[in-house]
Each structure stands twice: as structure tokens, then as C-alpha cells.
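# Coordinate inspection notes
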Amino acid sequence: MKKYLLFVATVFLGHGAYAADTALWGPGYLNQVANAWASIITQTGPSAVYAARIQDARNTNLAQFYELISIIGNNDTAITLFETNRHIDTAMTPVATPMRPRFETQRFLVDAAVFGATNDYDSNENANFKTNTTGVAVSAQIYLADSTQIGVEYTRSMTDTKDDKVYTDAVTNSLTLFAQYHARPGWFLNGAANIGKTRWANDKTIAGVKDSGDYDTEFLAGQISGGIQLSRGPIVITPQIGARYTYVRSDRHIDGAAQSFEKWFFNTLAARAGVEFAYDFVGPDFRLRPMVRIGGGYDALRHGSDFVRVHVLSGQYYDTPIDAPSRFALDTGVGLRFYGPMFSAGLEYRLDLRQDYINHNGWLTLKIAF
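### Some remarks on the environment of Leu-353
- Here Leu-353 lies in strand β19 (residues 343-354).
- Residue classification places Leu-353 among the partly exposed positions, given a relative accessible area of 31%.
- Linking Leu-353 and Phe-328, residues 25 residues apart in sequence, is a C-alpha distance of 8.7 Å.
- The contacts of Leu-353, once residues within four sequence positions are left out, are Phe-328, Ala-329, Leu-330 and Ile-358.

Right, here's the structure in full:
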């Protein structure tokens, strides 16, 4: 977890003591966290143990005090939104490029992929995280005609996060339904709908005492994209535009410190554009295609909860602000694809960037035709 720089405003009294007035360089909501937890000092049970240790640090070690309230009031909205978007990006991979025209004997396709990612977010809202993700995706597709196919995909990702004294892991499962159309002149249109759920497990250490909590988030997304595939000899250029709607919500839950987190939601409508440059090396019955891609996106519309209200045992509460990703996104990638008569394989790497955020994502795919 990020260590906040502290500025302690101490007012010395005539007898040498100092007042408890302090100021924080960092998210202002942590002052609400401190006040809410100060109200629990008269309670009993596990929460009182946390409150007593926080209060003791407030009286003796202000640097430790602010570290403790930043842990117990950790803002996990950023990791929820970033990781959900990353999972949806991966789940939408089957419709990220134009479909391949089928051979006469092809009717069904089975597509499998394994992927891995690392993510790093560094903000000023007490929401930093670093994650490692692995996962699998399996899809089945059927040709309705030479130029049209529909399919279904199951995607599972497992995320492991460790950032100082806040440890989080997550398991996400989703289902994607998609359709693709590719006209002979090169025009193509892809559409998909995705729905899924993430199970989060948080472990915090607060002055040596564990605070654990599990909760669920649910999401759905719809995407449409289109473009044209231009071939000039072995050179293939594919410009593409699209739009995606995403909705994420978190249900009410209670952690091990008896903090009650209210429901919150967030949705976006994002515009996307990109272009892929490829070169085909053609053999007697295969095609080898290295490619480079560059693109970006902008969250044109965003709406949702402004904060998450968190209640403590005394009845007081604090409001954690929603730490949403910045509106602008940039993504680039490189890859190598092999196409045979009845199968294809690919190895790709993609770099996604937003303000204060970087994602490295790679996957290996295999598609078999029947």
C-alpha cells in the first residue's frame, strides 16, 4: 500500500502537550475514517480491539496511525473497475478481429486460449494495487453461412494481489455470446454480450490483527465493432472502430472488522478505435502473419455512485470515493498468427495504458475447425 507523506500540524500548549489536530497529504476521506473509528472506542468485541490499537497509535505514533486508517479504509473500488475491464477485454478477444472465411468442409470451430497479465495502478486515492492474473478461455463457434458465424465463450481468470499489508485475490467467471459477419469486399461487423461475476477475498493486517472479508461483484457488457480489412499483396491493414457499454455493481457486505459496505454501481459507454498492420508469409498450405496494432479509447459517458458509504459499529460512517479509471486509454500490441487448412494458432502481447495505470497482457490461442 502506498505510504502517504504526512504533515502533522501540532499546537503546543503551555504544559508542553500537543493538540490532536492533524492534516493529511492524501485523500481527505481518511479523516472521516479516523473520526468514525474513534467513535468505537467504547464498544466491545473485535472491532474494539482495532479501535484501541488505532487510538493508541494516534496518541503515540502519528505516522503509524495514518498507515492504520489507510489500511482499514482501503479504497478497493479502483481494483474492482480495472480488473473487471481487463477481464472483459480478454473475454471479448474472439470478436476483436475479423472472422476467417471458412473452407468448404468447415462448419464448427473450437477455440481455446491461456492468458496471463500483470497490472500496476498508482493513484492518490488510497487505492494502489499490483496484480498478477492467469486464466483460460474456451469458445465454440458455428458457421451459419460462409460470411456469418455465432459463438459462445466461457472465460475464467484468477487474480492475485499483494500490496504491503492489504492482500486481495479474486476469481472471475463470465459467459460471452457473440456474432460475426465478414463481407467479401472486406467489410466486417462483430457484436458480443458478456455477463459475469467476481468473488473477492480481502485480508488486511491492522496493527498485527487480521481483518478479512469476502464479497461479490457482478458485471455485464455489450460491444459492437466494425471495420474493413484491406489487402495489398502480402500487406494487410485493418482499421476498426467500436463502442462498449459496461455495468459493474457491488453488493452490500460486511468485513471482519464489522464494517458494513453499502451497495454501489458504475457504468461506462466507451468509444474505441485502432488499426492493425500485418504481413502474410504464404506457404503451400499455410499462412504466417506477424502483426502490430495500435489503438485507443475514450469513456464518452460515465455514470454511477459517487462514493461507497461504510458504517461502523457505533453507527457513524465514512464515504469512500469511487476511484474510476481515467477516460483516455491507449493500447498497443504485437503478435504472430499461423493459419493452416483446419486450424490456427497465435501468440500475442498487448500493452494497455491509462493515467497512473499500466497493464501487460499476453495470451496463446489455438483454434481447430471441424
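There is more to say, and it comes next.
### Notes on the packing of aromatic side chains
- Inspection of every chain in the model, using the stated rule, returns twelve aromatic pairs.
- Between Phe-82 and Tyr-357 the ring centres are 4.2 Å apart and the planes differ by 25°, which places this aromatic pair in the stacked class. Of this pair, Phe-82 sits in helix α4 (residues 77-91) while Tyr-357 is found in strand β20 (residues 357-369), placing the two residues 275 residues apart along the sequence.
- By relative accessible area, which is 3% here, Phe-82 ends up buried.
- Here the aromatic cluster, defined as three or more aromatic residues joined through ring pairs, consists of Phe-82, Tyr-121, Phe-129 and Tyr-357.

### Thoughts on the nonpolar core
- Counting residues in hydrophobic clusters, the biggest one holds 35 residues, and the most contacted among them are Val-33, Trp-37, Ile-54, Phe-65, Ile-69, Ile-72 and Tyr-318.
- At the level of elements, α1 (29-38), α2 (46-60), α3 (62-72), α4, β8 (209-228), β13 (264-279) and β16 (307-311) are the ones that each hand at least two residues to this core.
- Apart from residues no more than four positions distant in its own chain, Val-33 is found in contact with Ile-69, Ile-72, Gly-73 and Tyr-318.
- Ala-78, Phe-82, Ala-127 and Tyr-215 belong to the second-largest nonpolar core, a separate cluster that totals ten residues.

### Comments concerning a nonpolar patch on the surface
- A cluster of nonpolar side chains, namely Leu-230, Ile-235, Ile-237, Phe-277, Tyr-279, Phe-281, Val-292, Ile-294, Leu-330, Val-334, Tyr-349 and Leu-353, defines an oily patch on the protein surface of about 980 Å² accessible area.
- For the nonpolar patch, the elements supplying multiple residues, two or more each, are β10 (235-250), β13, β15 (287-304), β18 (328-339) and β19.

### Observations concerning the confidence of the model for the protein chain
- The share of residues in the protein chain with pLDDT of 70 or more is 89%, and the mean pLDDT across the chain is 86.
- Note that residues 1-25 has pLDDT below 50 and, in this model, 50 contacts with residues that lie over four places away or in other chains.

### So, the packing of α1 against α3
- Packing of α1 against α3 leaves a shortest axis separation of 9 Å and a crossing angle of 95°. Relative to α3, the element α1 lies roughly perpendicular. On α3, the residues that touch Leu-30, Asn-31, Val-33, Ala-34 and Trp-37 of α1 are Phe-65, Tyr-66, Ile-69, Ser-70 and Ile-72.
- Among the residues forming the contact of α1 with α3, the class breakdown is eight nonpolar, two polar and no charged.

### Overview of the environment of Ile-88
- Among the secondary structure elements, Ile-88 is positioned in helix α4.
- Judged by its relative accessible area of 0%, Ile-88 falls in the buried class.
- Between the C-alpha atoms of Ile-88 and Ala-193, which are 105 residues apart in sequence, the distance is 9.9 Å.
- Discounting residues that sit within four places of it in the chain, Ile-88 has contacts with Asn-194, Phe-219, Ala-221, Arg-244 and Thr-246.

### Considering the sheet that holds strand β11 (residues 253-254)
- In spatial order, the strands read β11-β12-β16-β17; together these four strands make up an open sheet with antiparallel pairing. At either end of the open sheet lies a strand with only one pairing partner, and these are β11 and β17 (317-321).
- Here strand β12 (residues 260-261) pairs with β16 via two bridges, running antiparallel. Counted as the bridge partner of Phe-261 is Val-310 from β16.

### Overview of the pattern of salt bridges
- This structure, assessed with the given rule, holds 15 salt bridges.
- Three or more residues joined by partner-sharing salt bridges are found here, namely Asp-89, Arg-244 and Arg-272.

### As for the pairing of β16
- Residue alternation in β16 divides its side chains into a buried set, Val-308 and Val-310, and an unburied set, Phe-307, Arg-309 and His-311.
- With five bridges joining them, β16 and β17 adopt antiparallel strand pairing. Paired with Val-308 across the strands is Thr-320, a residue of β17.
- The antiparallel hairpin formed by β16 and β17 contains five residues in its connecting segment, where Gly-315 sits at a positive phi of about 100°.

Thresholds, definitions, all that
- Throughout this description, residue numbers start from 1 for each chain and increase along the sequence as written.
- Local features in this predicted model are restricted to residues whose pLDDT is 70 or higher, and side-chain atom pairs enter the listing and the counts only when it is 80 or higher, whereas totals over whole chains, interfaces and linings include all residues.
- Only heavy atoms go into the side-chain values, all of them from the structure, while hydrogens and water stay out.
- In DSSP terms, a helix is any run of H or I states spanning at least four residues, a strand is any run of E spanning at least two, and both are numbered starting from the N terminus.
- Only protein chains enter the accessibility calculation, which uses a 1.4 Å probe; a residue whose area is less than 20% of its type maximum is buried, one above 50% is exposed, and one in between is partly exposed.
- We call two residues contacting when some pair of their heavy atoms lies within 4.5 Å.
- Each pair of aromatic rings taken from Phe, Tyr and Trp, with Trp reduced to its six-membered ring, is defined by centres within 6.5 Å and is described as stacked if the planes are under 30 degrees apart, edge-to-face if over 60, and tilted in the remaining cases.
- What is meant by a nonpolar core is a set of buried Ala, Val, Leu, Ile, Met, Phe, Trp, Tyr and Cys residues, joined one to another through side-chain atoms within 4.5 Å.
- Each patch is built from salt-bridge-free residues with over 30% relative accessible area, joining like charges within 9 Å and nonpolar side chains (Val, Leu, Ile, Met, Phe, Trp, Tyr) within 5 Å.
- Surface accessibility follows the Shrake-Rupley procedure with a 1.4 Å probe radius. Residue values consider only the protein chains on display as shielding.
- We define a salt bridge as a contact between a side-chain nitrogen of Lys or Arg and a carboxyl oxygen of Asp or Glu at a distance within 4 Å.
- Confidence of the predictor in every single residue is expressed as pLDDT, which spans 0 to 100.
- To get an axis, fit a line to the C-alpha atoms, keeping to the stretch in contact for a helix; angles then go from 0 to 180 degrees between the N-to-C directions.
- Put simply, angles under 35 degrees are roughly parallel, angles over 145 are roughly antiparallel, angles from 65 to 115 are roughly perpendicular, and the rest are oblique.
- Polarity classes work like this: nonpolar for Ala, Val, Leu, Ile, Met, Phe, Trp, Tyr, Cys and Pro, charged for Asp, Glu, Lys and Arg, and polar for all others, with Gly in that last group.
- Whether two strands pair comes down to DSSP finding at least two bridges between them.

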